[in-house]
Amino acid sequence: MSDPKQHEIAGHLTVAAGNGGLTKLLIETPWSTAEIHLHGAHVTDFRKTGEPPLLFISAASEFAPGKAIRGGVPVIFPWFGPREGFPAHGFARTAEWHLTRASRTREGAVTLHLSLPDAGDFEVGYRIVVAETLTLSLIVTNRGSAAAVFETCLHTYFQISAIDAVSLNGLTGTRYFDKLLDAEAVETAPALKIGSEVDRVYQDTAATVEIVDPGFQRRIRVAKSGSASTVVWNPWIDKSKRMADFGDEEYRQMVCVESGNIAGHAVTLAPAQRAVLQAELSSLALD
Ligand code: TA6
């Protein structure tokens, strides 16, 4: 693997020893800062100057080879959820990705290109653009000689002021699979409030979701393309207690709004075909 330090940009992109001795990239722009661990190509921090973090990271998260980081933006590939005999949510989020390119625009936006080694017939690239917003693009190409199927998801954990203060817009009228009830339903709430464990895969939706957070005086916008599934998850009390890498009370300050292609929306690529999953994460003033 090439030395990531060769891509440093003085004052804007620094390679450092991260948590647990993992390698992390520190990015500074005129609008924001970000932190990415090469482990899992995991964005572990993004914040606009003067604002609370946009992303939640558990204080109990592990940072160790083979272990998923709890929070930030886990890259889920090539499967979502459990798989007998394999790690849940695929192998991408615990792999050591390579930094292959870095650049900075005249205005100060920093773009990183990372690649996932040992992905079989798939060529997997990840483009991260750090500016006033954070734009993540997962680019998967089938380099094999046969059609290939995969699931994928940017499993984003958002930092919020308080779970009972926020509401989610953009999913009204959308069909979803409720993993807790093992049943399908249609979202009827004009503004989804969370008051218990929620684990829902909204289907066939390209909609932008907004997390309205009066406590932090902001709206978090999740705009996506190349994605038909949106997952909303909060573990609430009991599941939080069962997760060793998640504080018992941390459910109060996070919600996952995840952009991907899951289950019935898994992606099939013909040989040489490419798919791009993109999410742009923004922090905006309340209306
Ligand atoms: O995206 C929601 C979910 O599938 C939940 O069911 C929960 O398992 C969560 O992902 C976290 O999964 P993890 O493997 O990271 O503990």
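This text follows the structure it describes.
Below, the structure is looked at part by part. (Residues numbered from 1 in each chain as written. Predicted model: local features only at pLDDT ≥ 70, side-chain atom pairs only at ≥ 80, totals over all residues. Heavy atoms only, no water.)

A few words on empty space enclosed by the protein. In the structure shown here, the tally under the stated rule is 1 cavity of 30 Å³ or more. Its volume calculated, the largest cavity comes out at about 30 Å³. Every residue along the wall of the largest cavity is listed here: Leu168, Gly170, Leu171, Thr172, Glu187, Ala189, Pro190, Ala191 and Leu192. Of the residues that constitute the lining of the largest cavity, the class distribution is 6 nonpolar, 2 polar and 1 charged. (1 Å grid on protein atoms, 1.4 Å probe; cavity = no way out; pocket = protein on both sides within 12 Å on 5 of 7 lines; lining within 4 Å. Points joined across faces, edges and corners; volume = space filled by probe spheres on them. Nonpolar A, V, L, I, M, F, W, Y, C, P; charged D, E, K, R; others polar.)

Look at the link from Phe77 to Pro78: it is a cis peptide, with omega at -5°. Note that Pro78 resides in the loop between strand S5 (75-76) and strand S6 (98-104). Phi angles above zero are rare outside glycine, and Ala41 is one such case at about 50°. Residue class for Ala41 comes out buried when judged on its relative accessible area of 0%. (Helix = DSSP H or I, 4+ residues; strand = E, 2+ residues; numbered from the N terminus. Buried < 20%, exposed > 50% of the residue type's maximum accessible area, 1.4 Å probe, protein only.)

Turning our attention to the pattern of salt bridges. Where charged atoms from two side chains of opposite charge approach closely, those side chains can pair. One pass over the full model with this rule turns up 16 salt bridges. A salt bridge links Glu51 to Lys48; the nearest nitrogen and oxygen atoms lie 3.9 Å apart. Within the structure, one salt-bridge network assembled from shared partners comprises Lys48, Glu51, Glu132 and Arg218. (Salt bridge = Lys/Arg side-chain N within 4 Å of Asp/Glu carboxyl O.)

To continue, consider the site of the ligand. Taken together, the residues surrounding the ligand are Arg70, Phe80, Ala88, His89, Arg93, His155, Lys179, Asp199, Val231, Trp233, Lys239 and Glu258. His155 has a polar side-chain atom sitting 2.9 Å from an oxygen atom of the ligand. Contact between the ligand and Lys179: an oxygen atom at 2.9 Å from a side-chain N or O atom of the residue. Considering the ligand on its own, with 390 Å² of exposed area, one finds that the protein chains cover 83% of that surface. Of all the cavities here, the one that holds the ligand is the largest pocket. Classifying every residue of the shell around the ligand by side-chain character gives 4 nonpolar, 2 polar and 6 charged. (Near = heavy atom within 4 Å. Polar contact = N/O pair within 3.5 Å; in protein donor to acceptor, adjacent residues only side chain to side chain. Areas by Shrake-Rupley, 256 points an atom, 1.4 Å probe, with all protein chains shown as cover. Sits in = over half its atoms within 2 Å of the grid points.)

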